[in-house]
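Single-letter residue listing:
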Amino acid sequence: MTQAISRPAPSMAEKIDSIDALCARARIMPVITIAREEDILPLADALDAGGLQVLEITLRSPHGLTAIRRLREERPHLCVGAGTVLDRHMLAAVEEAGAQFIVSPGSTDDLLRAALQSPVPMLPGVASASEIMVGYALGYRRFKLFPAEVCGGTAALKALGGPFGDIRFCPTGGVSTANLQRYMALPNVMCVGGSWMLDSSNGWDAVRQASAEALALLD
Ligand code: 3PG
C-alpha cells in the first residue's frame, strides 16, 4: 500500500512570493460568479483573449467548484483562484478542486489559521486597520481591501500605507475603468479586482473588449 507523503505547507514568505507573482501577472483580477455552467469556458476564453489570465472564481453560485476544476483541467495556462471562501470547509473544498489561490471577503481567526496550514496562498479580506493587525500577527502581509470604494478607496490606501509600510493590497469592490489608474498608481496596490468587465449581455466579444480596454489603461 502506498502512503501519501504529506508535505509541510509553504512558508508565509513563499506564499507572499506566489501572491506577488500572480498579482503582477494579473494587474486586473476579474471576480467571476458563474451563472450557468455552459458559460465557464467561453467566459474564461473571452477574458483570456482580452489579456486577463488570473481569474477569481467565487463560490457564490453552485458552479464555482465545477468552474475551478474544469478550468484547471481544460485551461491549464490560466491561473485560477477561488473567491468568497468564508470558512475552513470552503477552503478545503477549493483546495481539493485545484484552486491556485484563495480570496476571502473578510477575515475570521479560524479561516486565517486554517489557511496557514494550506499549501495554497490566501489573500484575506480586510476593511480596517484592526483587521489588518489580526492578520499581521499571524504573518499575513498581502490583503484584499473590500469593499474598496466603500472603505475609503485610494484615500484609505494612502492612509494605511503609513502604519503598514510592508503591506500590499488588492482593492476590490467598486473598482472600474473610472478609478483603476488611481488605484494602480499607489505603491501599496499590487493589482485590482472587479467584475465590471464581465457583462456578456452583448456577447463574449464584449467581455474580451472590456478586458483589453481596461488593461490598455495601465500601459
Ligand atoms: C467582490 O466580491 O470582490 C466584488 O463583488 C467585486 O466588486 P465589484 O462587483 O464592485 O467589481
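This is a predicted model, so every value here is computed, not measured.

Enquirer: Where do I start with the state of the cysteines in this structure?
Expert: Covalent bonding between the sulfur atoms of two cysteines is what defines a disulfide. According to the stated counting rule, one finds zero disulfides in the structure shown. Residue C170 stays outside any disulfide, its sulfur separated by 3.6 Å from that of C191, the closest cysteine. C191 takes part in no disulfide bond, and the closest cysteine sulfur, belonging to C23, lies 3.5 Å away.

Enquirer: Just to check I follow, could you spell out the environment of I28 for this structure?
Expert: Here I28 lies in strand β1 (residues 28-32). Owing to a relative accessible area of 0%, I28 belongs among the buried residues under this scheme. Separated by 23 residues in the primary sequence, I28 and G51 have C-alpha atoms spaced 9.4 Å apart.

Enquirer: Which parts of the structure should I look at to understand the pattern of salt bridges?
Expert: For the structure shown, the criterion picks out eleven salt bridges. Salt-bridge contacts for R36 lead to D39; the nearest nitrogen and oxygen are separated by 2.7 Å. Using a relative accessible area of 10% as the deciding quantity, one classes D39 as buried. One salt bridge in this structure joins R208 and D205, with 2.6 Å as the shortest N-O distance. Residue R208 and its partner D205 are located together in helix α9 (residues 204-216), separated by three residues, close to a single helical turn. Salt bridges sharing partners connect three or more residues here, namely D20, R142 and R168.

Enquirer: Mind showing me how you'd approach the sheet that holds strand β7 (residues 142-145) here?
Expert: Strand pairing in a sheet is mediated by backbone hydrogen bonds. Such pairs are either parallel or antiparallel. The three strands lie next to each other as β6-β7-β8, forming an open sheet whose pairing is parallel. Each end of this open sheet is capped by a strand with a single partner; those strands are β6 (125-126) and β8 (168-171).

Enquirer: Hey, could you run me through empty space enclosed by the protein in this one?
Expert: Empty pockets left among the atoms are what a rolling probe the size of a water molecule brings to light. Scanning all chains against the criterion turns up one cavity of 30 Å³ or more. Of the volumes computed, that of the largest cavity is approximately 30 Å³. With four residues, helix α1 (residues 12-26) is the single largest residue contributor to the lining of the largest cavity. Residues that form the lining of the largest cavity fall into these classes: five nonpolar, no polar and three charged.

Enquirer: Help me understand α1 in this model?
Expert: Since the α-helix packs 3.6 residues into each turn, any two residues three or four apart lie on the same face. With 15 residues, α1 extends 21 Å between its outermost C-alpha atoms, agreeing within 8% with the 21 Å of an ideal straight helix rising 1.5 Å per residue. The set of residues buried in α1 consists of K15, I16, I19, L22, C23 and A26. End-on view of α1: buried residues confined to an arc of 135°, all on one side of the axis. Turned more than 90 degrees away from the buried face of α1, the exposed residues are D17 and A24.

Conventions and cut-offs
Residues numbered from 1 in each chain as written. Predicted model: local features only at pLDDT ≥ 70, side-chain atom pairs only at ≥ 80, totals over all residues. Heavy atoms only, no water. Disulfide = S-S within 2.5 Å. Helix = DSSP H or I, 4+ residues; strand = E, 2+ residues; numbered from the N terminus. Buried < 20%, exposed > 50% of the residue type's maximum accessible area, 1.4 Å probe, protein only. Salt bridge = Lys/Arg side-chain N within 4 Å of Asp/Glu carboxyl O. Pairing = 2+ DSSP bridges. 1 Å grid on protein atoms, 1.4 Å probe; cavity = no way out; pocket = protein on both sides within 12 Å on 5 of 7 lines; lining within 4 Å. Points joined across faces, edges and corners; volume = space filled by probe spheres on them. Nonpolar A, V, L, I, M, F, W, Y, C, P; charged D, E, K, R; others polar. Expected span 1.5 Å × (residues − 1). Arc of directions from axis to C-beta.

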